[in-house]
Structure formats: C-alpha cells, structure tokens
Amino acid sequence: MDTLTPLRAFRRIVELGSIAKAADALDLSSAALSKQLRALEDHLGAVLLQRTTRRMSLTDTGQAYYAECCRLLDEFDALEQSVRAQSQQVAGRLRVNAPLSFALSTLSPLLARFMQRHPQLQIDLSMEDRLVDAVGQGFDVSIRLSAELADSSLIARRLASLSQMLCAAPSYLQTHGRPASAAGLRGHALLNYSLAHAPREAGESPQAPSEARANVNNSLMLRDLLVAGLGIGALPSFLARPAIAAGQLVALDLADQAAQARHVYAVYPTQRHLLPKVRAFVDFLAEELPAAMGEDC
C-alpha cells in the first residue's frame, strides 16, 4: 500500500489529539480519515491508537511508531526541499556535445564566459564532428550544425545561422585560375569535407569524395589545407570569414551554385521540467552566438 499519505494522516491525528480535528485540517471527512488509519493498522498488523467515544491514546507500539514516523517524514520533507532548491540553481554537471571545429573556433570563448557566470557548474564537453545519439550517450545538450533536423522526440532550438563558402588561397588562384561556375571546377584540385555526405551534418563540398584531392573529416584541417594553397573547398562561414578577412582565402561566388543556408541548433531531450543548467546554457548561446558569429546571425 501507499503508506506516505496514511503516515501523514496518523501524525496529524496524534498532533491534534482527535480524528475529527485532523480530518478538518486535512480537508477530509472523519469517516475517510478513520478508514485510512484502519488500513494503516491492518497493513502493520498492530493497533496504533486506542479509541473510545471519549478519548484516544497511543499504544506502546503506536508511540514508537509515531516517533519513527515523525523522523522519516521530516527527512523526506527535507529531501524534497533540497531537490526543489537544486532544481532552481544553475549547478551540477552539464554534459555538452558539439562539433570540434565549431567548438574550438566559436564556442570556446563563450563557454569560458558562461562558466565564469555560473561558478557552481561543472562542464563535460565532448567534441565530435559526427552525429551522435544525444540521449543514448547521456548528453544534456547537443549542438548541431545542419540545414534541417529530422523529426524526433528531441527538442531543437535554433540559435544562429551560417552558410557554406567556397574558398581558395590567393596563391592557388594565381596559379590555376579562378572558376566562374560549377562546371569550371573541373580540372581544379578539390578539397572535400568528408562528413558533408553524412545525413544532416554541417559542411558541404561541390564535389563527390572520390573526385577530391583530399578528404578530411574536420573543417579546421580543411581550412589549413586551403590556406596552404592546395585547392578549392567549402568552409562554414564561421571559419571562412576570418581567413578571408586576413587575406588568407578568397571567397568564390559561382554563378550557377547558390550557398545552402545552415543553422546552429541546441538539441536536448525534453522541455518538461527542463533543468535550470540546460535552460541557462541554451539561453546564453541564443543571446551570445549572434555577436560571436557576426554576419551569419
């Protein structure tokens, strides 16, 4: 049987000295409260209260049971209060998954500021370019870069937008010429982000992997190969723009190829009783990412 409700009822009867008074305090009928007390005694196989028409008194068993009942209920109430208090604090351990290139180039300084703002929070950050099972691997929040997300039981909040930019180093273009269309890419050395062909992953290249001079599964490595003048490839704008501003890369606008818009999403299991640490982190990213990603947001 569910003993918590009868325990509370029994305690109230003893504290107030009568079933009628306890029933009134608990907003029950005296008959209903008497039934709860009888069910508790039947469950225990012991008489807790001696009852007559004029008085009520605890048996020896009832006295011992009452003392333990008060102790257990007080401990349970303290536990509930502690859990409620923790559920209102940005504290504990937050497990986050994010793409490696995005985490190192964009998320890193934001994460430092977030941790400074919430000193009671511990962060477990897993950097993985491949799509992971956020729920199965126990992540509180997974950051994903994608054109769109497949339907699922997960909650996805869009945080920012980005684009894929076709780029090459000035030295490469001086030697091999600048293509003006997708067809003009034939004959050029093409560098491919290999995870572009995995479902819903960020990164897109204008060629199939088999045609590429290099296939790499990390955008930072791809950027470095492009800067070294080894070919043409597509980078996410959060990596391409700084390199273009520094004169290391040149953006190539092909007349017959439009850049596909992509977005940054925070993905988490549910919104019901969302933990404050998750809500605070997602809200922080939604606020800070636009400035961190410049024109992309």
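Structure's up top.
The structure presented is a predicted model; accordingly, all values stated were derived computationally and were not measured.

Topic: the overall build of the protein
Helix and strand counts for the protein come out as nine helices and eleven strands. Here the protein holds 297 residues, and 41% of them are scored as buried. Once local pairs closer than 6 in sequence are excluded, the contacts in the protein between residues at least 24 apart make up 73%. Just so you have it, the protein exposes about 15,800 Å², and 49% of that area is on carbon and sulfur atoms.

Thoughts on the pairing of strand E5 (residues 141-146)
A large share of E5 lies buried, amounting to six of its six residues. Across the two faces of E5 the burial is the same, with Val-141, Ile-143 and Leu-145 and Ser-142, Arg-144 and Ser-146 all buried. Where strand E3 (residues 92-98) meets E5, two bridges bridge the pair, whose relative direction is parallel. From the neighbouring strand, Asn-97 faces E5, where its bridge partner is Ser-142. Of the strand pairs in this sheet, E5 and strand E11 (residues 261-268) are connected by five bridges, and their pairing is antiparallel. Among the inter-strand pairings, Ser-142 is bridged to a residue of E11, identified as Val-267.

Some thoughts on the nonpolar core
Of all hydrophobic cores here, the largest spans 32 residues; its most connected members are Leu-94, Phe-102, Ile-143, Val-264, Leu-285 and Leu-289. Elements represented by at least two residues in this core include exactly E3, helix H5 (100-117), strand E4 (121-127), E5, strand E6 (155-168), helix H8 (237-245), E11 and helix H9 (276-292). If you tally residues by element for this core, the top one is H9, at seven residues. Residue contacts for Leu-285: discarding those within four places in its chain leaves Leu-107, Leu-110, Ile-143, Leu-159 and Pro-290.

Describing the packing of aromatic side chains
The tally for this structure, following the rule as stated, stands at five aromatic pairs. Between Phe-10 and Tyr-65, the ring centres sit 5.7 Å apart and the planes meet at 55°, which makes this aromatic pair tilted. Taken together, the residues span a long stretch of sequence, with Phe-10 in helix H1 (residues 4-16) and Tyr-65 in helix H4 (residues 60-86) at a distance of 55 residues. A residue is classified by how much of its surface remains accessible, and Phe-10, at 0% relative accessible area, is buried. Residues Phe-10 and Tyr-66 carry aromatic rings whose centres are separated by 6.3 Å and whose planes lie at 75° to one another, so their mutual orientation is edge-to-face.

Side note on the pairing of E3
In the sheet, E3 pairs with E4 via seven bridges, with the strands oriented parallel. Of the residues in E4, the one forming a bridge with Gly-92 is Leu-121. For the handedness criterion, the β-α-β arrangement of E3, H5 and E4 is classed as right-handed.

As for the packing of H5 against H9
Packed helix pairs are specified by the crossing angle of their axes together with the interaxial distance, meaning the distance between the axes. Two numbers describe how H5 lies on H9: the axes approach to 10 Å, and their chain directions differ by 125°. Compared by their axis directions, H5 and H9 come out oblique. For the pair H5 and H9, the crossing hand works out as right-handed. Of the residues in H9, those in contact with Phe-102, Thr-106, Leu-107, Leu-110, Leu-111, Arg-113, Phe-114 and Arg-117 of H5 are Lys-277, Ala-280, Phe-281, Phe-284, Leu-285, Glu-288, Leu-289 and Ala-292. By residue class, the composition of the contact of H5 with H9 is eleven nonpolar, one polar and four charged.

What to know about the side chain of His-118
Along the chain, His-118 turns up in the loop between H5 and E4. We classify His-118 as buried; its relative accessible area is 17%. Not counting residues up to four positions away in its chain, the partners in contact with His-118 are Val-90 and Ala-280.

Observations concerning the pattern of salt bridges
Taken as a whole, this structure holds eleven salt bridges when the rule is applied. Residue Arg-11 is joined to Asp-74 by a salt bridge in which the shortest nitrogen-to-oxygen separation is 3.0 Å. Of this pair, Arg-11 sits in helix H1 while Asp-74 sits in helix H4, and the two are 63 residues apart along the sequence. Under the relative-accessibility criterion, Arg-11 is labelled buried at 17%. A salt bridge links Arg-12 to Glu-15, with the nearest nitrogen and oxygen atoms 3.4 Å apart. Here Arg-12 and its partner Glu-15 are both found in helix H1, three residues apart, which amounts to about one turn of the helix. What makes Glu-15 partly exposed here is its relative accessible area of 39%.

What counts as what
- Residues numbered from 1 in each chain as written.
- Predicted model: local features only at pLDDT ≥ 70, side-chain atom pairs only at ≥ 80, totals over all residues.
- Heavy atoms only, no water.
- Helix = DSSP H or I, 4+ residues; strand = E, 2+ residues; numbered from the N terminus.
- Buried < 20%, exposed > 50% of the residue type's maximum accessible area, 1.4 Å probe, protein only.
- Contact = heavy atoms within 4.5 Å.
- Areas by Shrake-Rupley, 256 points an atom, 1.4 Å probe, with all protein chains shown as cover.
- Pairing = 2+ DSSP bridges.
- Core = buried A, V, L, I, M, F, W, Y, C linked by side-chain atoms within 4.5 Å.
- Phe/Tyr/Trp six-rings, centres within 6.5 Å; stacked < 30°, edge-to-face > 60°.
- Right-handed = clockwise from strand over helix to strand, strands pointing away.
- Axes fitted to C-alpha atoms, helices over the stretch in contact; angles between N-to-C directions.
- Parallel < 35°, antiparallel > 145°, perpendicular 65-115°, else oblique.
- Left-handed = near helix turned anticlockwise from the far one by under 90°.
- Nonpolar A, V, L, I, M, F, W, Y, C, P; charged D, E, K, R; others polar.
- Salt bridge = Lys/Arg side-chain N within 4 Å of Asp/Glu carboxyl O.

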